[in-house]
Amino acid sequence: MGRLFSQVDLDLLRKYDRPGPRYTSYPTAPLFSSSFSAGDYHQEILNTNSPAVTTDLSLYFHFPFCDTLCYFCGCTMLVTRDRNRIEEYNRYLKREIAAIAPLLSPLRRVVQLHWGGGTPTHCSPDQIRDVGLAIHSAFRVAPEAEISVEVDPRELTRDHLQALRDSGFNRMSMGVQDLDEQVQRAVNRIQPESMTTKVYMWARELGFGSVNMDLIYGLPFQTLQGFERTLRKIVEYSPDRIALFNYAHVPWLKPHQKLIRQEDLPAPDLKLALLKMSIEYFCSNGYEYIGMDHFAKTTDELALAQKEKTLYRNFQGYSTKAEADLYGFGMSAISHFQTVYAQNTKHLPEYYADLDAGRLATRVGYRMTNDDLIRKHVIMRLMCDLELDVASVEERFGINFEETFADSLGMLRAFEEDGLVETTGRRIQIVGSGRLLLRNIAMCFDAYLDAMLKTKPIFSRTV
Ligand code: SF4
């Protein structure tokens, strides 16, 4: 059993289940505003890139296309089988790289690079090599960089994976979701177990240093028995990391989710039981619960970094790379460095038109205040370290913690009374089932939450 889980307390999870952000950023994306323009983003890049700047870089590339629609999908994606459309998109992606790379200090090294989507492996092997080459030609990628890609085992060939290895990729994350055939049919994602096995074997043969598998709980027709079979098989594969996502049924935001019938979804109690079973199973079989849906082998660098308090969190999830400046490329991609967030347009024609006009494709963004920086730090440390050293926050930001966070500490009291948070001296620690309620605990420190929940019903439920 993992260090901190003796038993998952379902009553407490039920009590705290409510809509809330996932805190891949703070402030969260709904606060980004169109008053932040492409010109502002361009100027920020210039302001933060004198030739002597050496801060590490993290690059994200968004590949929006998919072969078919998974009904549960919550990503920014487009279905196409037209190879020319993919080719056209990649041309624009390379133009965006060519527009931004020369603005960055040549001393900066890329320590993290990620391709997400959509489905990056919907590109052909040649297209993968082509974009990979453009990236490596434009940036200084460090030899030890963490280079990761999201792969869809369906329609994937060994040559796709070879092309990724040739382009420097050393980590991959593969979608599995659930191995049960009835569940797969209900969500329009048919992926036989033999296919998952084949791709996993290829990844190992080709030397991907770290393999992650994605699962989802809360999908139609899931049962305890069926999902237990999936969990057992996943542990047999022995991936380095496992992500177990909560299916967020938000058809008012993602209309295609109406293709999933409400009556086929597991009832809230079954959903919680699926979560409890999964956590207990993984934590009894060599995995550590890192937090926010992520498990890693106890020997994996994510688990080690958490113990050493060197874990970070960004739009791609947990990371061992210290806060490198993030530059995002492609439609909908988000960049974040220093005190700004900037997000590209989510609409393909606009993305193309902006680049054709010689502009960057930024549509919204945000400039952080000093208060935002403090709160972001507190939320990040709680979500990564599962504890907070109050004195270090005071020292870093020159504040009196109890005064600044009087309201937050008041809200935290309920968590303390329920045994989810412990405050000893000047240390706030998340304990027991509190690790499953990180979002809720972080929400106590979010200055914008109340206003956001009133005006924008956009967040998924926290459990
Ligand atoms: S492959 Fe991924 S991005 Fe594409 S539809 Fe399925 S879940 Fe969405």
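Residues numbered from 1 in each chain as written. Predicted model: local features only at pLDDT ≥ 70, side-chain atom pairs only at ≥ 80, totals over all residues.

## Concerning the domain arrangement of the protein
Looking at the assigned domains, one finds that the protein contains domain 1 (1–26 + 369–463) and domain 2 (49–327). Contact with domain 1, which involves 19 residues of that partner, is made by 22 residues of domain 2. For the side of domain 1 that touches domain 2, the leading source of residues is helix α12 (residues 370–385), giving four residues. A class-by-class count of the residues in the side of domain 1 that touches domain 2 yields twelve nonpolar, four polar and three charged. (Domains from an automatic or database assignment. Contact = placed C-beta atoms within 7 Å. Helix = DSSP H or I, 4+ residues; strand = E, 2+ residues; numbered from the N terminus. Nonpolar A, V, L, I, M, F, W, Y, C, P; charged D, E, K, R; others polar.)

## Overview of the sheet that holds strand β17 (residues 387–389)
Strand order in this open sheet of three strands is β17-β19-β18, and the pairing throughout is antiparallel. Looking along the sheet, the strands with just one partner apiece sit at the ends: β17 and β18 (421–424). With strand direction ignored, the average angle separating the axes of adjacent strands in the sheet is 15 degrees. Judged from the three bridges that link them, β17 and strand β19 (residues 427–430) form a sheet pairing that is antiparallel. Paired with L388 across the two strands is I428, which belongs to β19. The sheet contacts of helix α13 (residues 390–397) involve β17 and β19, and relative to β17 the element is tilted by about 55 degrees. (Pairing = 2+ DSSP bridges. Axes fitted to C-alpha atoms, helices over the stretch in contact; angles between N-to-C directions.)

## A look at the environment of L437
One can find L437 in the loop between β19 and α16 (438–443). L437 sits 290 residues away from I147 along the chain, and the two C-alpha atoms are 30 Å apart.

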